[in-house]
Amino acid sequence: MNRYDCETIRDLLPSLIRGEMLPHEAVRIERHLADCPACTAEAEVVRVLQATLAPVPAGLETRVLQAVRHRSTRRPTPARLALAATVAAAVLGGALVLNAPDGDGAAQTDVEAVGWAAADDPLLHGSSALQDLTVDELEHLLEELER
Amino acid sequence: MGSCRFNALSGHGIDTSVLRPVAAQPPTPQAREEATVLERARAGEAEARDELVRRYLPDVYRTAARVLGDRDLAEDAAQDAMVNALAGLARFRGDSTFRTWLLRIAINAARTVGRRNGRRREVALSLVENQPARQPDPARQAERASDAELLDRALSELPTKQRLAVALRVQQGLSYGEIAGALQCSEGAARVNYHLGVKRLRELLR
């Protein structure tokens, strides 16, 4: 087998070891492994890796389910919504600075630095109207900024 | 570049579909079922949201754990990611798989938790290098466990993108396209990170 074949085989090893390949394809790869010590060594690494899945801690699922239910049943009070609107406006001001024409590269870095919520936030991507945000999004924004 | 090479590989009789982006594949029954659950969750159905938590929490937790190298912090990040993702479900536009979208949120949540806690990775390379030589004839299961521990430590030594590419590909079964979506890089970069990671692992474990 040449190097070209080895690259293909190594790309497919995770699928082989997860049992996701058709039988005739698996046989073809196993045949290659029988003749190729380098790919066999990589297959062993992939096998052990596949076998070392960290267990999910007991109780985490219950904890997350409770947090999700709590979040979805919370109703924003007028005071919280007003506060959310205020902080969102402050973020919008920051976004306008970040998106200034002469600072695109830096703006992207800064947007990434504030985390996924801000990176995905419509306020940071051109939507300037607070009424475009859902209650969930306002709530989320508020929580992010309260941290 | 990659796709040309993969197309040529079809001549070898090997199904390389796992190397192509998910978007190029027709929806599977599993994908259709997932879309139904997502729609129900979007409509506010609590049971559907619970189902998404049960289905994806293991992937989210393990991904966060690979970013942080700390189980307690990974639990916090996993909870943040699931809560925030489900609260912002309207933002999911279906440009990637839901799992890819969710794992991207998990990675960012883990980074946020890490920054908040001033996380520093503490696993020293010497822990791997100073391991005693493998016993010639231990029980096979014990040897496996030892290998797994060594490998886990070696994995923690990889740069974040390599570590995540390896973990997502091998342990969570993501395609290169999905990994690219989760890591916010190109598919080629995902593939390179995976191969560099596995190569480095082999060197660390030699």
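Counting its regular elements, chain B contains 10 helices and zero strands. The linear arrangement of helices and strands in chain B, starting from the amino end, is α-α-α-α-α-α-α-α-α-α. Sorting the 206 residues of chain B into buried and exposed places 42% on the buried side. Restricting the contact set of chain B to residue pairs at least 6 apart, pairs at least 24 apart contribute 68%.

With that out of the way, let us pick up the overall build of chain A. Tallying secondary structure elements over chain A gives eight helices and zero strands in all. Counting from the amino terminus, helix and strand elements in chain A follow one another as α-α-α-α-α-α-α-α. Long-range pairs, those at least 24 residues apart, make up 65% of the contacts in chain A with a sequence separation of at least 6.

As a further point, take the interface of chain B and chain A. The accessible area lost on association of the parts is a frequent measure of interface size. At the interface, 47 residues of chain B touch 43 residues of chain A. Elements supplying a minimum of two residues to the side of chain B that touches chain A: helix H3 (46-68), helix H4 (71-87), helix H5 (98-116), helix H7 (140-156), helix H8 (160-171) and helix H10 (187-205) of chain B. In terms of residue count, H3 of chain B provides more of the side of chain B that touches chain A than any other element does, 10 residues in total. When grouped by side-chain class, the residues that make up the side of chain B that touches chain A number 25 nonpolar, 10 polar and 12 charged.

What follows is about unusual backbone geometry. Most peptide bonds adopt trans geometry, and most residues besides glycine take a negative phi value. Residues and elements named next belong to chain B. One non-glycine residue, Gln184, lies in positive phi territory at about 55°. Examined against the element boundaries, Gln184 turns out to sit in the loop between helix H9 (176-183) and H10. For Gln184, a count of 13 C-beta atoms within 10 Å gives the class partly exposed.

Residues and elements named next belong to chain B. For H9, the buried fraction is high: eight of the eight residues fall into the buried class. All of the buried residues in H9 are Tyr176, Gly177, Glu178, Ile179, Ala180, Gly181, Ala182 and Leu183. Looking at the buried side of H9, the elements it contacts are H5, H8 and H10. Within two residues after H9, Gln184 carries a phi angle of roughly 55°, on the positive side.

A few words on the packing of H9 of chain B against H10 of chain B. All names here are of chain B. The N-to-C vectors of H9 and H10 enclose an angle of 100°; their axes lie 8 Å apart at closest approach. The angle between H9 and H10 falls in the class roughly perpendicular. Note on element contacts: H10 touches H9 through Glu187, Ala189, Ala190 and Arg191, opposite Tyr176, Gly177, Ile179, Ala180 and Leu183. Here the residues of the contact of H9 with H10 sort into six nonpolar, one polar and two charged.

The subject of this paragraph is the nonpolar core. In terms of nonpolar packing, the biggest core is built from 66 residues, with Val60, Ala64, Ala78, Met82 and Ala106 of chain B touching the most fellow members. Those residues in contact with Met82 of chain B that sit more than four places away from it in its chain are Val64 and Val68 of chain A together with Val53, Leu57 and Val60 of chain B.

Residue position: Thr8 of chain A is located in helix H1 (residues 3-17). On a C-alpha basis, the gap between Thr8 of chain A and Ile29 of chain A in space is 9.5 Å, while along the polypeptide they are 21 residues apart.

Quick look at H8 of chain B now. Residue and element names in this part refer to chain B. For H8, with 12 residues, the first-to-last C-alpha span of 15 Å sits near the 16 Å given by 1.5 Å per residue. In terms of burial, H8 is a largely internal element, 11 of the 12 residues being buried. Backbone geometry just downstream of H8 places Gly173 in the positive-phi region, at approximately 70°.

Residue and element names in this part refer to chain A. Across chain A, the average pLDDT comes to 70, with 48% of residues at or above 70. Element-level pLDDT for chain A is lowest in helix H6 (residues 104-113), with a mean of 37, against a maximum mean of 92 in helix H2 (residues 23-35). Confidence over residues 102-129 falls short of pLDDT 50; this stretch has 31 contacts with residues more than four positions distant or in other chains.

All names here are of chain B. Mean pLDDT for chain B: 79, with 74% of residues reaching 70 or above. Confidence, expressed as mean pLDDT per element, reaches its minimum in chain B at helix H6 (residues 125-129) with 29 and its maximum at H4 with 95. This stretch, residues 1-15, has a pLDDT under 50; its non-local contacts, to residues over four places away or in other chains, come to 19 contacts. Here residues 17-22 is modelled with pLDDT under 50, and outside its nearest four sequence neighbours on either side it reaches 15 contacts, counting other chains as well. Here the complex is predicted with pTM 0.64, and the ipTM for its interfaces comes to 0.71.

Cut-offs and rules
- Residues numbered from 1 in each chain as written.
- Chains lettered and ligands numbered in written order.
- Predicted model: local features only at pLDDT ≥ 70, side-chain atom pairs only at ≥ 80, totals over all residues.
- Helix = DSSP H or I, 4+ residues; strand = E, 2+ residues; numbered from the N terminus.
- Buried ≥ 20, exposed ≤ 12 C-beta atoms within 10 Å, placed from the backbone.
- Contact = placed C-beta atoms within 7 Å.
- Nonpolar A, V, L, I, M, F, W, Y, C, P; charged D, E, K, R; others polar.
- Axes fitted to C-alpha atoms, helices over the stretch in contact; angles between N-to-C directions.
- Parallel < 35°, antiparallel > 145°, perpendicular 65-115°, else oblique.
- Core = buried A, V, L, I, M, F, W, Y, C linked by C-beta atoms within 7 Å.
- Expected span 1.5 Å × (residues − 1).
- pLDDT = per-residue confidence, 0-100.

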